[in-house]
Structure formats: structure tokens, C-alpha cells
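Here are the chains, one letter per residue:
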Amino acid sequence: MKHLLDTRELTREEAIEILDVADYMAQVKAENRTLNVLNGKTVVNLFFEDSTRTRLSFESAEKRLGAAVTNFSASGSSLSKGESLKDTAQTLKAIGADAFVIRHSASGAPQRLAEAGWTDIPVLNAGDGTHAHPTQALLDAVSLRQYKAERDGLDSPRGTDLSGMRVLIVGDILHSRVARSNLWLLHTLGAQVAFVAPPTLLPLNTASWVEEAGLEIFHDFDEAIATKPDAVMLLRIQKERMRAAYFPSAEEYTELWGLTAERFATLQAQPQPVAILHPGPMNRGLEICTEAADATNSWVLRQVSNGVALRMAVLYLLLTDGSSAKLYAGDES
Ligand code: CP
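To keep things clear, this report deals only with the structure shown in the data block. (Residues numbered from 1 in each chain as written. Predicted model: local features only at pLDDT ≥ 70, side-chain atom pairs only at ≥ 80, totals over all residues. Heavy atoms only, no water.)

**Here we look at helix α1 (residues 12-30)**
Taking 1.5 Å of rise per residue, the 19 residues of α1 would be expected to cover 27 Å, and the 27 Å separating its terminal C-alpha atoms lies within 8% of that figure. Along α1, the residues classified as buried are Ala15, Ile16, Ile18, Leu19, Asp20, Val21, Ala22, Asp23, Tyr24, Met25 and Val28. Among the structural elements, α2 (53-64), α5 (134-151), α6 (177-188), α12 (300-319) and α13 (324-328) are those in contact with the buried residues of α1. The positive-phi residue at the C-terminal boundary of α1 is Asn32, with phi of around 55°. (Helix = DSSP H or I, 4+ residues; strand = E, 2+ residues; numbered from the N terminus. Expected span 1.5 Å × (residues − 1). Buried < 20%, exposed > 50% of the residue type's maximum accessible area, 1.4 Å probe, protein only. Contact = heavy atoms within 4.5 Å.)

**Digging into the site of the ligand**
Residues in close proximity to the ligand include Ser51, Thr52, Arg53, Thr54, Arg103, His133, Gln136, Pro279 and Gly280, which together make up its full environment. Between an oxygen atom of the ligand and a side-chain N or O atom of Ser51, the distance comes to 2.6 Å. Starting from 250 Å² of accessible surface for the ligand in isolation, the protein chains cover 91%. A per-class count over the shell around the ligand returns 1 nonpolar, 6 polar and 2 charged. (Near = heavy atom within 4 Å. Polar contact = N/O pair within 3.5 Å; in protein donor to acceptor, adjacent residues only side chain to side chain. Areas by Shrake-Rupley, 256 points an atom, 1.4 Å probe, with all protein chains shown as cover. Nonpolar A, V, L, I, M, F, W, Y, C, P; charged D, E, K, R; others polar.)

**As for the sheet that holds strand β3 (residues 99-104)**
Taken in spatial order, the 4 strands of this open sheet run β2-β1-β3-β4, and their pairing is parallel. Unpaired on one side and paired on the other, β2 (68-73) and β4 (123-128) mark the two borders of the sheet. Averaged over all pairs of adjacent strands, the angle between strand axes in this sheet comes to 15°, irrespective of strand direction. Sheet topology note: the β3/β4 ladder contains 4 bridges and is parallel. By the bridge assignment, Ile102 is partnered in β4 with Asn125. (Pairing = 2+ DSSP bridges. Axes fitted to C-alpha atoms, helices over the stretch in contact; angles between N-to-C directions.)

**Description of the nonpolar core**
Within the largest apolar cluster, 69 residues are counted, with the highest numbers of intra-cluster contacts made by Met25, Leu138, Ile169, Phe195 and Leu315. Ranked by the residues each element gives to this core, the list is headed by α12, at 11 residues. Leave out the neighbours within four places in its chain, and Leu138 touches Leu4, Leu10, Ile18, Leu19, Leu185, Leu310 and Val314. One finds Leu168, Ile237, Trp257 and Leu286 within the second-largest nonpolar core, a separate group that totals 27 residues. (Core = buried A, V, L, I, M, F, W, Y, C linked by side-chain atoms within 4.5 Å.)

**Digging into the sheet that holds strand β5 (residues 166-170)**
Strand order across the open sheet formed by 5 strands is β7-β6-β5-β8-β9, with parallel pairing between neighbours. Each of the sheet's edge strands pairs with one partner strand only, and the pair in question is β7 (216-218) and β9 (275-277). Averaged over all pairs of adjacent strands, the angle between their axes in this sheet comes to 20°, without regard to strand direction. Here β5 pairs with strand β6 (residues 192-196) via 5 bridges, running parallel. The residue of β6 that forms the bridge with Val167 is Val193. The strands touched by α6 are β5, β6 and β8 (231-234); relative to β6, the strand with the most contacts, the crossing angle is about 160°.

**Section: the pattern of salt bridges**
Inspection of every chain in the model, using the stated rule, returns 14 salt bridges. Here Arg145 ties to Asp23 by a salt bridge, and the two come within 2.7 Å at their closest N and O atoms. With Arg145 in helix α5 and Asp23 in helix α1, this residue pair connects regions lying 122 residues apart in the sequence. On the basis of relative accessible area, Asp23 is assigned to the buried category, the value being 14%. By sharing partners, the salt bridges in this structure join Arg12, Glu13 and Asp161 into a single network. (Salt bridge = Lys/Arg side-chain N within 4 Å of Asp/Glu carboxyl O.)

**Focus: unusual backbone geometry**
A cis geometry characterises the amide bond from Gly280 onward to Pro281, with omega recorded as -10°. Along the polypeptide, Pro281 turns up in the loop between β9 and α11 (290-293). With a phi close to 55°, Asn32 is a non-glycine residue in the positive phi region. Note that Asn32 resides in the loop between α1 and β1 (42-47). Judged by relative accessible area, Asn32 falls into the exposed class, the value being 60%.

**Overview of the packing of α5 against α12**
Packing of α5 against α12 brings their axes to within 8 Å, and their N-to-C directions diverge by 115°. Note on packing geometry: the crossing formed by α5 with α12 is right-handed. From α5, Thr135, Gln136, Leu138, Leu139, Asp140, Val142, Ser143, Gln146 and Glu150 reach across to α12, where they touch Arg302, Gln303, Asn306, Gly307, Leu310, Arg311 and Val314. Residue composition of the contact of α5 with α12, by class: 5 nonpolar, 7 polar and 4 charged. (Left-handed = near helix turned anticlockwise from the far one by under 90°.)

Set out below in C-alpha cells:
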């Protein structure tokens with residue numbers, strides 16, 4: 001694997017190796033240790049779109065691995081003077097870059113950067129348009145695997161997949177790169193994925209995903225809850241990407257599609273606690289109620305914490321010739 005552009009390209013074995021290394025990195029983080037495996041390397045974070053979690057957790061991961069970090073933000077750069085992605089990337093490579101982490105509002109921008117021949121360094125997609133957000137899906141899988149291991153009384157999630165898990169992904173699927181990347185990854189790891197959304201917030205090509213990934217679709221959230229999911233992932237309503245009225249009002253959206261206090265109470269009545277996930281940022285009171293966001297079975301902040309460990313894992317695997325076996329043997333610390 002030279003780049004990380006989407007989860008669709010990952011095999012089950014590759015995905016499990018990344019998750020296993022992320023669990024190891026979570027331990028490194030919990031012990032407040034650093035690994036100097038990226039000493040002498042510079043990672044450039046190219047953010048052409050706003051971000052809190054992804055940008056700061058990549059930066060934290062890079063520093064914890066000993067890399068030098070260069071941050072590029074679109075605002076305040078020469079983009080305003082018309083500089084292209086190619087010229088920006090080549091300029092930053094000339095300053096010194098061993099890898100690019102890129103977030104862009106245009107779907108396909110990371111692939112273009114990786115494959116156009118402008119530079120020859122690894123590219124990690126930190127979210128592109130409505131297309132893909134592979135590190136978010138991978139950190140979600142780390143979290144779901146930890147939830148399953150804790151629930152089933154395993155000492156460690158290492159080596160396991162998500163088979164037998166039922167995951168509802170609810171809300172603005174149409175504009176969600178998180179939903180797309182999760183569908184491919186969770187299916188590869190053996191989970192059953194269901195999208196829950198009004199028809200206006202589903203992409204046109206979901207029929208092919210039913211074929212390819214066994215996707216289930218619900219237009220009624222209560223019907224989906226009745227199928228007894230193990231995990232419910234709420235998605236943010238992405239007002240900034242909406243060019244039309246996709247639902248009559250925020251109040252009606254919450255009533256029909258939100259995880260309200262009533263729906264949350266129904267989930268809490270299941271014999272096993274359901275994992276509540278949200279990639280953030282959350283619209284509290286719109287797609288998720290505060291009771292659910294702050295519940296003990298909410299994984300929202302553990303997702304963020306796992307994001308640092310997961311990004312340490314992908315940076316380690318892409319930027320070093322170190323194997324996970326070498327890492328576990330302690331040769332890299
Ligand atoms: N989940 C996520 O991508 O959040 P940010 O936009 O804050 O990075």
C-alpha cells in the first residue's frame with residue numbers, strides 16, 4: 001500500500017492489520033509514550049477545507065511518531081492568488097515533504113495528487129468532498145471492535161473482525177463521505193450495514209451497494225431500531241453542502257430521523273448496551289439528543305481518541321518499512 005485513498009481498496013487482512021497496529025498505538029498513547037519511528041521525516045498536512053478532529057489528530061499522531069510537521073491551510077495561502085493544487089504540492093515538496101495528508105472539498109483531489117505524477121510521496125486522504133474519509137471509517141472500526149471485545153469479554157480485540165455486528169448509519173447519507181467509507185470497510189470486516197434516511201438524503205446508486213455490499217435500506221428509523229442493532233452511527237446534517245430543501249424543517253427532520261430522547265430510551269431497553277457513534281461535529285438537538293451524545297455508551301470521545309491511534313498506525317505502516325511484528329517486538333520504541 002503506497003497511499004491511503006479509500007477503504008474500498010483494503011482487503012480484510014490489510015484492514016485487520018491496520019486496526020491491530022492502531023490498538024497497539026492506543027496503548028502507546030495511553031502510556032503517554034512516543035515512538036521515534038518517523039524521525040527525520042516531514043509530513044505536510046494540506047487542509048483546503050475546515051477540520052478540527054482530523055487535522056489536530058493527524059498532527060498529534062505525527063508528533064507522537066517523531067515526525068516534523070508542516071501545516072498548510074487554504075486561508076492565508078497563495079491559493080487566493082490562483083495557485084493550483086499541482087503547484088502548491090510541488091512547492092511544499094520542494095520545501096521538504098515525505099508525505100501529504102490532504103483534505104479537500106473536491107471529491108477525487110487526493111487521488112489526483114497521488115496519481116498525477118506531480119510528486120512521488122505517499123498521500124493520505126483526510127476527507128474529499130462527498131467521496132471518502134478512510135481514516136474516519138478506520139477509527140470507527142477500531143471503536144466498534146473495542147466495543148465488541150468489551151461486550152463479549154475478550155482480553156483484546158486483536159485479530160478479530162466485526163462479523164455478527166449490525167450497524168445502523170443514520171441521516172444525511174447523500175453528502176456523507178463517512179457513510180461511504182464505512183459501508184465498504186464494515187462490509188469487508190463482516191458487519192451488516194443498514195442506511196437509515198429519507199429518500200431525498202440517499203444517493204441514486206444505493207441499489208448497486210445493496211448488490212455489492214449487502215446494504216440494507218430503511219426509510220423508517222423506528223423500524224430500523226426494531227431490528228436490534230449493536231451500534232447506531234448518527235451523521236451530521238451537512239447544511240454547507242445542501243443546494244436544495246431535502247426535508248421540510250429541522251423540527252420534522254428530528255421527529256422522523258433524529259436520535260431523540262424517546263428513541264434513545266428504546267435503544268437503552270435492549271439487553272446489551274448499544275454503541276452510539278457520531279463522527280462529529282455534532283448538531284445536538286437535530287440529529288442527536290444530548291442524552292445520547294453524553295451517555296456512558298456514547299463512543300463519540302473514544303472515537304476522537306482512537307483517531308490519534310489510528311492515524312499513528314497508518315502513518316507508521318505507510319511511511320516506514322517497519323512491520324507490525326517488529327513494532328510488537330518492541331524494536332521500534
Ligand atoms: N469527523 C471529522 O472529519 O471531523 P472534522 O471535520 O472536525 O475533522
